Amino acid sequence: MSSTTAEPEGALETRGLEPVPDAERTGRTRELFPTWVAANISVLLLTMGAGLIVSNGLNFWQVLVVALVSPLLSYGMVGLISISGKRGGSPGMTLSRAVFGQRGNLFPGALIWVARWGWETINAVTGAYAIITVLDICFGVESSTWLTVVTLVAFVACTFLISGLGRKILHICSTWSTYAFGAFSVLVLIYLIAEADWSAVFDQPAGSTAMMVAGVGTIAAGGISWVPTGPDFTRYLPRNASNKPLVGHAVGGAAIVVVPMVLMGAVMAVSAPKLSTAQDPVSFLGSLLPTWIAVPYLIMALVGMLLINSMSMYSAGFTAMTLGIKVPRAWAVSVNAVISLIFGYILMNVATSFMGSFISFLTLLAVAFSAWIGVFGIDMLRRKTYDGEALMDTKRTSAYWYKAGFAWQAMTAWAIALLVGLLFTKVDWFSGPLATSWIGRHGLGWLVTILVAAALYAVLPKTPLVEQDATGKGEPELVSA
């Protein structure tokens, strides 16, 4: 059932999965711009930009195309799917119950929740590396196993605190970090313009079209991972809020960070190609910049990584609750925090290739999320409203119970698309049987996944709603949605 108790303005967020009442929908679309800026403040974009030069063999102009197209594709989807949050007033994975059924939603929900573990682990490790690098530059403190543990715990603890405070605190932090990180990024850009060997930068030979397309997929994967999260940040918007700003702010907020940082990484790679494969890319980055730029820049990057992880854990808390973990949202976040600590330790002290693990993870992440995107996106085109009571009713009395709790149309399209996408996917430790095909070589497994999921769900019979009798007993009557 929907809550009718309004949260006081300025209070910490206590609302869980229940739809936000109209009286509390006081958000503004312009708040989304700093949200999506903050979601991309990561020094790993520099490393990924370097990888486009070193690993993909692209030149500067090809990297520019990749940097422009990637946020347009990925955050265009983020903006479009976030429209559902305005319509239903609930988190994305709660709205997903209307598509897959109360029980069926557990399957894509569990996969997305597990995928978030990896995303949060990568961010936590990057944040811990940033702390260690600043300590080394300023105080000469060398890295050690115990220091990685301490910094990792400190980073995850801060992430847990910020994400537990809720949407309003995240918005305030995102706004200020946008200004600060932007200012220091301009300093780095000026330094690179003055110091870079531009003749060497522009003399880079052009790479293949296949490597360009694959590069788009790699850079876009980060944005694709935010698609199910989009509704979480638009559920406080009024129902009559314009749709265009939702898409525009998502694309614009991401692009204003992604484009310059990917380009800066590409420029750095010409003189320091090891940036693309460094086990600790953050400390390597610190050695490329003068101390007076490196230290404040890494501190601001650390703040950015905190916000990225806080946003991810904020949404992960909702996903955990959607899966039936019956605890307050802030406590649900703690599950992901503990998992980040465990896997973060393994990645920092056991894994042999940080960037190899990162790129493999991004590739699989894109496929895992794309199957949900294709099905949910088609459903959103058909559906204009969501039944708040049915979303919260997880019993057979729910209109979204369908057949034994499953919407077989959505489940079929999702499962087949996921399998097809994996057939075309290749990472360090897994290679699908079709990975050497034209689609596989171009890294388009994620796009095929979306298209297959969308096409199948579009042609399958429309999922009927279930209408119970007055007592909630007996066989449900199927009525058209």
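Quick caveat, the model's predicted, so the values are computed rather than measured. (Residues numbered from 1 in each chain as written. Predicted model: local features only at pLDDT ≥ 70, side-chain atom pairs only at ≥ 80, totals over all residues. Heavy atoms only, no water.)

### Looking at the overall build of the protein
Line of reasoning, step 1. Broken down by element type, the protein carries 19 helices and four strands.
Line of reasoning, step 2. Over its C-alpha trace the protein gives a radius of gyration of 22 Å, about what one expects of a compact globule, namely 23 Å for 481 residues.
Line of reasoning, step 3. C-alpha atoms of the protein, sized along the principal axes, occupy 75 × 50 × 40 Å.
Line of reasoning, step 4. Per-residue burial over the protein gives 57% buried out of 481 residues.
Line of reasoning, step 5. Partitioning the intrachain contacts of the protein with sequence separation of at least 6 by distance along the chain shows that 84% fall at a separation of at least 24.
Line of reasoning, step 6. Surface exposure of the protein reaches about 18,900 Å², of which carbon and sulfur atoms provide 69%. (Helix = DSSP H or I, 4+ residues; strand = E, 2+ residues; numbered from the N terminus. Rg over C-alpha atoms; globule rule 2.2 N^0.38 Å. Buried < 20%, exposed > 50% of the residue type's maximum accessible area, 1.4 Å probe, protein only. Contact = heavy atoms within 4.5 Å. Areas by Shrake-Rupley, 256 points an atom, 1.4 Å probe, with all protein chains shown as cover.)

### What about the packing of aromatic side chains?
Line of reasoning, step 1. Scanning the entire structure with this criterion turns up twelve aromatic pairs.
Line of reasoning, step 2. Ring centres of F60 and W61 lie 5.2 Å apart, and the angle between their planes is 85°; on these two criteria the pair is classed as edge-to-face.
Line of reasoning, step 3. For F60, a relative accessible area of 11% gives the class buried.
Line of reasoning, step 4. The interplanar angle of 40° and the centroid separation of 6.3 Å between the aromatic rings of Y400 and Y402 together place this pair among those described as tilted. Here the two residues Y400 and Y402 agree in accessibility, since each one is buried.
Line of reasoning, step 5. Put simply, the rings of W36, Y75, W226 and F233 touch in pairs and so form one group of aromatic residues.
Line of reasoning, step 6. Lying over the aromatic face of Y457, R382 brings its terminal NZ or CZ to 5.0 Å of the ring centre. (Phe/Tyr/Trp six-rings, centres within 6.5 Å; stacked < 30°, edge-to-face > 60°. Lys NZ or Arg CZ within 6 Å of the ring centre and 35° of its normal.)

### Side note on the nonpolar core
Side chains of nonpolar character tend, in soluble globular proteins, to be buried together.
Line of reasoning, step 1. Counting 137 residues, the largest nonpolar core has W36, W226, W372 and V375 as its most contacted members.
Line of reasoning, step 2. In this structure W226 touches W36, A39, Y75, V78, W119, I308, M311 and S312, once residues within four positions along its chain are discounted. (Core = buried A, V, L, I, M, F, W, Y, C linked by side-chain atoms within 4.5 Å.)

### A look at the pattern of salt bridges
Any two side chains of opposite charge can pair, on the condition that their charged atoms come close.
Line of reasoning, step 1. In the structure shown here, the tally under the stated rule is three salt bridges.
Line of reasoning, step 2. Across the salt bridge formed by R25 and D22, the nearest N and O atoms sit 3.8 Å from each other.
Line of reasoning, step 3. Overall, the relative accessible area of 4% leaves R25 in the buried class.
Line of reasoning, step 4. Here R383 ties to D379 by a salt bridge, and the two come within 2.8 Å at their closest N and O atoms.
Line of reasoning, step 5. The class for R383 is buried, based on a relative accessible area of 13%. (Salt bridge = Lys/Arg side-chain N within 4 Å of Asp/Glu carboxyl O.)

Any functional reading would require information that these geometric values do not contain.
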